[in-house]
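Notes for the structure review
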Amino acid sequence: MGVAKGSVSVWVRNVSLTPEQKKFLSQKNYTREAVERRRQTRLKNENARREIIIQKARSQISPILKKELWLIGSILYWAEGGKTRRDLVRFSNSDPEMIRLILKFFRKVCNVSEEKIKVHVHIHPHLDHISAEKYWSHITKIPLTRFYKTYRGVSKASKQTRQTLPYGTCDVYIASTELFLKIYGWVQGIFSSHKNLK
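Since the structure is predicted, the reported quantities are computational estimates derived from the model, not experimental observations. (Residues numbered from 1 in each chain as written. Predicted model: local features only at pLDDT ≥ 70, side-chain atom pairs only at ≥ 80, totals over all residues. Heavy atoms only, no water.)

Regarding the layout of surface pockets
The test is simple: Only protein atoms enter the 1 Å grid, on which a cavity is a set of points fitting a 1.4 Å probe that cannot get out and a pocket is an open set with protein on both sides within 12 Å along at least 5 of 7 lines, lining residues being those with an atom within 4 Å of a point. Grid points are joined across faces, edges and corners, and a volume is the space filled by probe spheres set on the points. By definition, any uninterrupted DSSP run of H or I lasting at least four residues is a helix, any uninterrupted run of E lasting at least two residues is a strand, and each is numbered from the N terminus.
For the largest pocket, the calculated volume is near 420 Å³. In terms of lining, the largest pocket is formed by 13 residues, of which the most central are Leu 69, Glu 97, Arg 100, Leu 101 and Lys 104. Those elements giving two or more residues to the lining of the largest pocket turn out to be α4 (66–80), α5 (96–109) and α6 (129–140). Examining the composition of the lining of the largest pocket, we find that seven residues originate from one element, α5, more than from any other.

Encoded structure:
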């Protein structure tokens, strides 16, 4: 009608409905279509509220400086990277942005030469490993000649991700005891320094 619900409410407040009309309106609200429409509206409103929060938070982050990248990369590696072998720096993830960030850390902060950075893709056997290799080569900016042979299999940890990881997981390898020890030292320094934070 192009008018506010409040106005209509005032106009019709003295209108009485028959029992049949009340029953019809009650049933109408619980049809499958009505329930689905309400669900879709609720989801749309929820998503809009979430997007406002996300965009506001995103705008609070200024461009990252090299020192910040140093700290972020060190902690990110200690949280997600390999720590069992001291002669190998290994970072594994399925999120392309995480891979891009850690590679920027290795390249810009750690000054790792390109030829030392290798990639190993892990993927479920029913997925297209050729496309996955090309995808990760594009993400990492590393040529396929520096890729190890792709592992095609199912690990216990990834049984629930058969369809959610079409490009599998990317492992970044750097054979360097010195770099491993440096990252370890940086992380220990961060752990010590944060204790002074009031």
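Side note on the domain arrangement of the chain
The condition that has to hold: An automatic or database domain assignment is the source of the domain bounds shown.
Assigned domains of the chain: these are domain 1 (18–60) and domain 2 (66–195). Distance between the C-alpha centres of domain 1 and domain 2: 42 Å.

Considerations on the environment of Ser 193
Inclusion rule: Burial status follows relative accessibility: with a 1.4 Å probe on protein chains alone, a residue under 20% of its type maximum counts as buried, one over 50% as exposed, and anything between as partly exposed.
Position of Ser 193 among the secondary structure elements: in helix α7 (residues 177–193). On the accessibility criterion, Ser 193 (43% relative accessible area) is partly exposed. Along the sequence, Ser 193 and Leu 144 sit 49 residues apart, while their C-alpha atoms lie 41 Å from each other.

Details of the pairing of strand β1 (residues 89–93)
To be explicit about the condition: Only when DSSP finds a minimum of two bridges between them are two strands counted as paired.
Across the two faces of β1 the burial differs, with Val 89, Phe 91 and Asn 93 buried and Arg 90 and Ser 92 not buried at all. In this structure, β1 lies alongside strand β4 (residues 169–174), joined through five bridges in antiparallel fashion. What sits directly across from Asn 93, in β4, is Cys 170.

Considering the sheet that holds strand β3 (residues 151–152)
Quick note on the threshold: Here a residue-residue contact requires only that any non-hydrogen atoms of the pair lie within 4.5 Å. For every element, the axis is a line fit to its C-alpha atoms; helices are fit only across the contacting stretch, and the angle between N-to-C directions ranges from 0 to 180 degrees.
An order of β1-β4-β2-β3 is seen for the four strands of this open sheet, with the pairing classed as mixed. Looking at which strands have only one partner, the edges of the open sheet turn out to be β1 and β3. Lying on the sheet, α5 is in contact with β1, β2 (117–123) and β4; it crosses β1 at an angle near 160°. Running over the sheet, α6 touches β1, β2, β3 and β4 and is turned about 145° from β2.

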